[in-house]
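# Inside the fold
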Amino acid sequence: MSNKKKNPNYDPDTIMKDLVDSVVLAYSDNSDSAAHPSLRQVADDFDLNPLKVRKLLITAGVYHSDIADGVMKLYLEKKTLAEIMALTGLSKASVNSYLPYTKIPYKMEEISVTAERCRKFRERRAAVEHLKQSEDSSVLWNTLLLFQSYPFYTAKGLKFTYTIKDGEMYVGRKDKSITKATIDLAFQKALSLDGIVTDSKMLGVFGASYLYPVFIMIGVIKFSVDEQQRADNEN
C-alpha cells in the first residue's frame with residue numbers, strides 16, 4: 001500500500017500558518033471602523049466555527065476580553081486546568097476554549113480545503129480593496145461574483161446566500177431575483193450618499209434588504225454605528 005500523501009503539493013504546517021495569518025488579518029481589518037469585526041464575521045470568511053476562530057486568535061495573541069485575558073494570566077502562571085476552573089468558575093470546555101493551541105490540529109484530507117479557504121479570502125479581500133479604489137460597476141459585479149455562497153444576514157438576523165446567473169442575483173432564502181440593472185441603481189445611490197446609508201430603504205430599489213448587508217460587507221456602505229455596536233456585543 002502506498003504511503004504517499006493525498007495532497008503532496010500541500011505542506012500542512014505552511015497551510016495552517018497561512019490560516020492563522022489570514023484569520024488574524026481578517027480580525028485586524030478595521031475597514032474604516034475603530035473596532036474589530038465580529039467573531040461570526042471572521043468565521044464566515046473561512047467557513048469555521050466562531051469558537052475555533054477565537055482560539056486561533058488567542059493562539060496568535062491578538063484576541064482580548066476580560067475572560068480571555070483572565071484565563072491566559074492563570075495559564076501563564078502555570079495553573080492547572082482544575083485550578084483555572086476553580087478560580088474562574090468556568091467549565092472544562094469553556095476553559096479549553098480560551099486556551100491557546102499548543103499545536104493546531106488538522107486532518108490531512110482537510111488541508112486542501114483550508115488552503116482553498118485562505119485563497120478565497122485573499123481573493124475576496126483584494127476585490128473589495130479594488131472596488132473601494134475604482135467605484136466602477138463592472139468591478140462591483142466581479143466582486144459580487146466572488147461572494148457567491150458567502151453567508152450574509154439581514155437586519156432581522158436572517159441568514160442568506162446568493163448566486164449569480166445570467167446577469168441576475170438569486171437570493172437563496174426566498175429564491176428572489178435581483179437584476180444587474182437594479183443592483184447598479186442601488187450602487188449608484190450608495191455612492192451618491194458617500195456610503196452613508198443608515199437603512200436599506202435609502203437604496204430605493206427592489207431587494208434592498210438583501211443588498212444592504214452585501215454592500216456593507218464589500219465596503220460600498222460604510223459600517224454604521226448600529227452595526228458596530230452589534231459587532232462589539234458579539235465579540
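Summarised in this report is the structure supplied together with it. Please read these numbers as outputs of a predicted model, since none were measured by experiment.

### Thoughts on the pattern of salt bridges
- Per the stated rule, a full pass over the model turns up 9 salt bridges.
- For D13, the salt bridge identified is with K103, shortest N-O distance 3.8 Å. One end of the pair, D13, is in helix α1 (residues 12-28); the other, K103, is in the loop between α6 (92-97) and α7 (111-134), and 90 residues separate them in sequence.
- Look at D13 and you get partly exposed, because its relative accessible area is 49%.
- Two residues, D21 and K17, come together in a salt bridge whose shortest N-O distance is 2.8 Å. Here D21 pairs with K17, and both are found in helix α1, just 4 residues apart, close to one helical turn.
- You can call D21 partly exposed: its relative accessible area is 39%.
- For K17, a relative accessible area of 53% translates into the label exposed.
- One network of salt bridges, in which partners are shared, links E116, R119 and E123.

### Here's the deal with the side chain of D45
- Considering the arrangement of structural elements, one finds D45 in helix α2 (residues 39-46).
- Here D45 sits buried without a salt bridge, and the closest side chain of opposite charge, R124, lies 5.8 Å off (N-O distance).
- Once residues lying within four places of it in the same chain are set aside, the contact partners of D45 are A26, F121, R124 and Y150.

### A few points about the sheet that holds strand β5 (residues 176-179)
- Pairing is antiparallel in the open sheet, where 3 strands are placed in the order β3-β4-β5. If you trace the sheet from one side to the other, it starts and ends with β3 (162-165) and β5, each paired once. Going across the sheet, the axis of each strand differs from the next one's by a mean of 25°, ignoring polarity.
- The pairing of strand β4 (residues 168-171) with β5 spans 4 bridges and is classified as antiparallel. Bridging from a neighbouring strand, Y170 pairs with S177 of β5.

### So, the side chain of S200
- Residue placement: S200 occurs in the loop between α9 (180-192) and α10 (208-217).
- Assessed through its relative accessible area of 18%, S200 is described here as buried.
- Setting aside anything within four residues of it in sequence, one finds S200 in contact with A208, S209 and Y212.

### Overview of the pairing of β4
- Burial of the side chains of β4 is restricted to one face: M169 and V171 are buried, whereas none of E168 and Y170 on the reverse face is.
- Where β3 folds back on β4, the antiparallel hairpin that results is connected by 2 residues, among which D166 adopts a positive phi of roughly 50°.

### Section: helix α4 (residues 66-76)
- When α4 is considered as a whole, its buried residues turn out to be A68, V71 and L74. Each buried residue of α4 lies within a common arc of 135° when the element is viewed along its axis, so the set occupies one face. Facing away from the buried side of α4 by more than 90 degrees, the exposed set consists of D66, K73 and L76.
- Within two residues after α4, K78 carries a phi angle of roughly 70°, on the positive side.

What counts, and where the lines are drawn
- Residues numbered from 1 in each chain as written.
- Predicted model: local features only at pLDDT ≥ 70, side-chain atom pairs only at ≥ 80, totals over all residues.
- Heavy atoms only, no water.
- Salt bridge = Lys/Arg side-chain N within 4 Å of Asp/Glu carboxyl O.
- Helix = DSSP H or I, 4+ residues; strand = E, 2+ residues; numbered from the N terminus.
- Buried < 20%, exposed > 50% of the residue type's maximum accessible area, 1.4 Å probe, protein only.
- Lys, Arg positive; Asp, Glu negative; His and termini not counted.
- Contact = heavy atoms within 4.5 Å.
- Pairing = 2+ DSSP bridges.
- Axes fitted to C-alpha atoms, helices over the stretch in contact; angles between N-to-C directions.
- Arc of directions from axis to C-beta.

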